[in-house]
Amino acid sequence: DAGVTQSPTHLIKTRGQQVTLRCSPKSGHDTVSWYQQALGQGPQFIFQYYEEEERQRGNFPDRFSGHQYPNYSSELNVNALLLGDSALYLCASSLGTWRAETQYFGPGTRLLVL
Amino acid sequence: GIQVEQSPPDLILQEGANSTLRCNFSDSVNNLQWFHQNPWGQLINLFYIPSGTKQNGRLSATTVATERYSLLYISSSQTTDSGVYFCAVGVGSGGSNYKLTFGKGTLLTVNP
């Protein structure tokens, strides 16, 4: 049973560029959430996708956008990269039900913006 | 939004010692999870515990929802227990899953 997978593992970009990160949820899960973790901080919620729609969004600008495919995999896109976007980006998957469920995290993508 | 405070921020132990990590939160929650983040950044699930007590080997956790705190106990610590421990809480009204709000973590160092 594969867990949550993310690609790529590491990425280096320059300011102003655009980046796409990918996530495949744990088998049987249909909800994907994205988090940003800056160095020395706890992860911060970016947004959540369920049934191919953005359901919740944290305090992040519109430069951060996403998509969920029919197979429940998801992408995080960041446009016009800033130095401050350098962080570990984590994807979490869970089962979308009417009650709280355990969220499982992938290994993350480390993004460095130069 | 909900506030999550973890204490202590740093903890240094000798191998074999016991420890207690605390998580306070500012409002009622539907979800509370404890994670261990390894040096490569992977968040490893330890407990899903919005209330009650659970045990898994040398680790156990207790959440007192009415008093808005959770405790993670590590007994007979090992060097492999080193890393950052995060508490994360979720608040929501159903329909989709709950976003997690994380504390700043406790950095645990276990020396041989």
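Refer to the preceding data block for the structure.
To keep things clear, this report deals only with the structure shown in the data block. (Residues numbered from 1 in each chain as written. Chains lettered and ligands numbered in written order. Predicted model: local features only at pLDDT ≥ 70, side-chain atom pairs only at ≥ 80, totals over all residues. Heavy atoms only, no water.)

### Topic: the overall build of chain A
Next, step 1: When helices and strands are tallied, chain A shows 0 helices and 11 strands.
Next, step 2: Tracing chain A from N to C terminus, the helices and strands come up as β-β-β-β-β-β-β-β-β-β-β.
Next, step 3: With the C-alpha coordinates of chain A rotated into their principal frame, the extents come out at 40 × 25 × 25 Å.
Next, step 4: Among the 114 residues that make up chain A, the fraction classed as buried is 48%.
Next, step 5: Long-range pairs, those at least 24 residues apart, make up 53% of the contacts in chain A with a sequence separation of at least 6. (Helix = DSSP H or I, 4+ residues; strand = E, 2+ residues; numbered from the N terminus. Buried < 20%, exposed > 50% of the residue type's maximum accessible area, 1.4 Å probe, protein only. Contact = heavy atoms within 4.5 Å.)

### Considering the pairing of strand β7 (residues 59-64) of chain B
Residue and element names in this part refer to chain B.
Next, step 1: Of all the 6 residues making up β7, 5 are buried; the element is thus mostly covered by neighbouring parts of the structure.
Next, step 2: Both strand β6 (residues 52-56) and β7 contribute to a ladder of 5 bridges, which runs antiparallel. Looking at β7, one finds that K54 is bridged to A61.
Next, step 3: Counted along the chain from β6 to the antiparallel partner β7, the turn is 2 residues long, and its residue G57 has a positive phi close to 65°.
Next, step 4: The hairpin formed by β7 and strand β8 (residues 69-74) contains 4 residues between the paired strands, and R68 there has a positive phi angle of roughly 60°. (Pairing = 2+ DSSP bridges.)

### As for the pattern of salt bridges
All names here are of chain A.
Next, step 1: All told, the structure shown has 5 salt bridges over all chains when counted by the stated rule.
Next, step 2: In this structure, R55 engages E51 in a salt bridge whose closest nitrogen and oxygen atoms are separated by 3.0 Å.
Next, step 3: The exposure class of R55 is partly exposed, given its relative accessible area of 35%.
Next, step 4: The partner of R57 in a salt bridge is E54, and the shortest N-O contact between them spans 3.1 Å.
Next, step 5: Overall, R57 belongs to the partly exposed group, its relative accessible area being 28%. (Salt bridge = Lys/Arg side-chain N within 4 Å of Asp/Glu carboxyl O.)

### Concerning the side chain of B:T106
All names here are of chain B.
Next, step 1: As for its position among the elements, T106 is in strand β11 (residues 106-111).
Next, step 2: Residue classification places T106 among the buried residues on the basis of a relative accessible area of 0%.
Next, step 3: When neighbours within four sequence positions are excluded, T106 is seen to be in contact with Q6, S7, P8, P9, L11, L21, G83, V84 and Y85.

### Here's the deal with the nonpolar core
Next, step 1: In this structure, B:W34, B:L72 and B:V89 are the most contacted members of the largest nonpolar core, which totals 22 residues.
Next, step 2: The set of elements that each furnish at least two residues to this core consists of β2 (10-14), β3 (19-25), β4 (31-37), β5 (43-48), β7, β8, β9 (83-90) and β11 of chain B.
Next, step 3: With 19 residues, the next largest nonpolar core counts A:C23, A:V78, A:L81 and A:C91 among its residues. (Core = buried A, V, L, I, M, F, W, Y, C linked by side-chain atoms within 4.5 Å.)

### Remarks on the sheet that holds β6(B)
Residues and elements named next belong to chain B.
Next, step 1: As summarised here, the arrangement of the 5 strands in space is β1-β3-β8-β7-β6, forming an open sheet in which the pairing is antiparallel. Either end of the sheet is taken by a strand with one partner, and the two such strands are β1 (4-7) and β6. Along the sheet, successive strands turn relative to each other by an average axial angle of 15°, direction set aside. (Axes fitted to C-alpha atoms, helices over the stretch in contact; angles between N-to-C directions.)

### Some remarks on the interface of chain B and chain A
Next, step 1: On the chain A side, the residues contacting the 24 residues of chain B number 27 residues.
Next, step 2: Counting the surface lost from both chain B and chain A, the interface buries some 2000 Å², and carbon and sulfur atoms represent 50% of this.
Next, step 3: Remark: the boundary between chain B and chain A carries 0 salt bridges.
Next, step 4: Linking chain B with chain A are 6 residue pairs in polar contact (both at pLDDT 80 or more), by the criterion used here.
Next, step 5: Those elements that provide at least two residues to the side of chain B that touches chain A are β4, β5 and β10 (100-102) of chain B.
Next, step 6: Counting residues per element, the side of chain B that touches chain A draws most heavily on β4(B), at 4 residues.
Next, step 7: The residue inventory of the side of chain B that touches chain A, partitioned by class, reads 9 nonpolar, 13 polar and 2 charged. (Buried area = accessible area lost by both parts, 1.4 Å probe. Polar contact = N/O pair within 3.5 Å; in protein donor to acceptor, adjacent residues only side chain to side chain. Nonpolar A, V, L, I, M, F, W, Y, C, P; charged D, E, K, R; others polar.)

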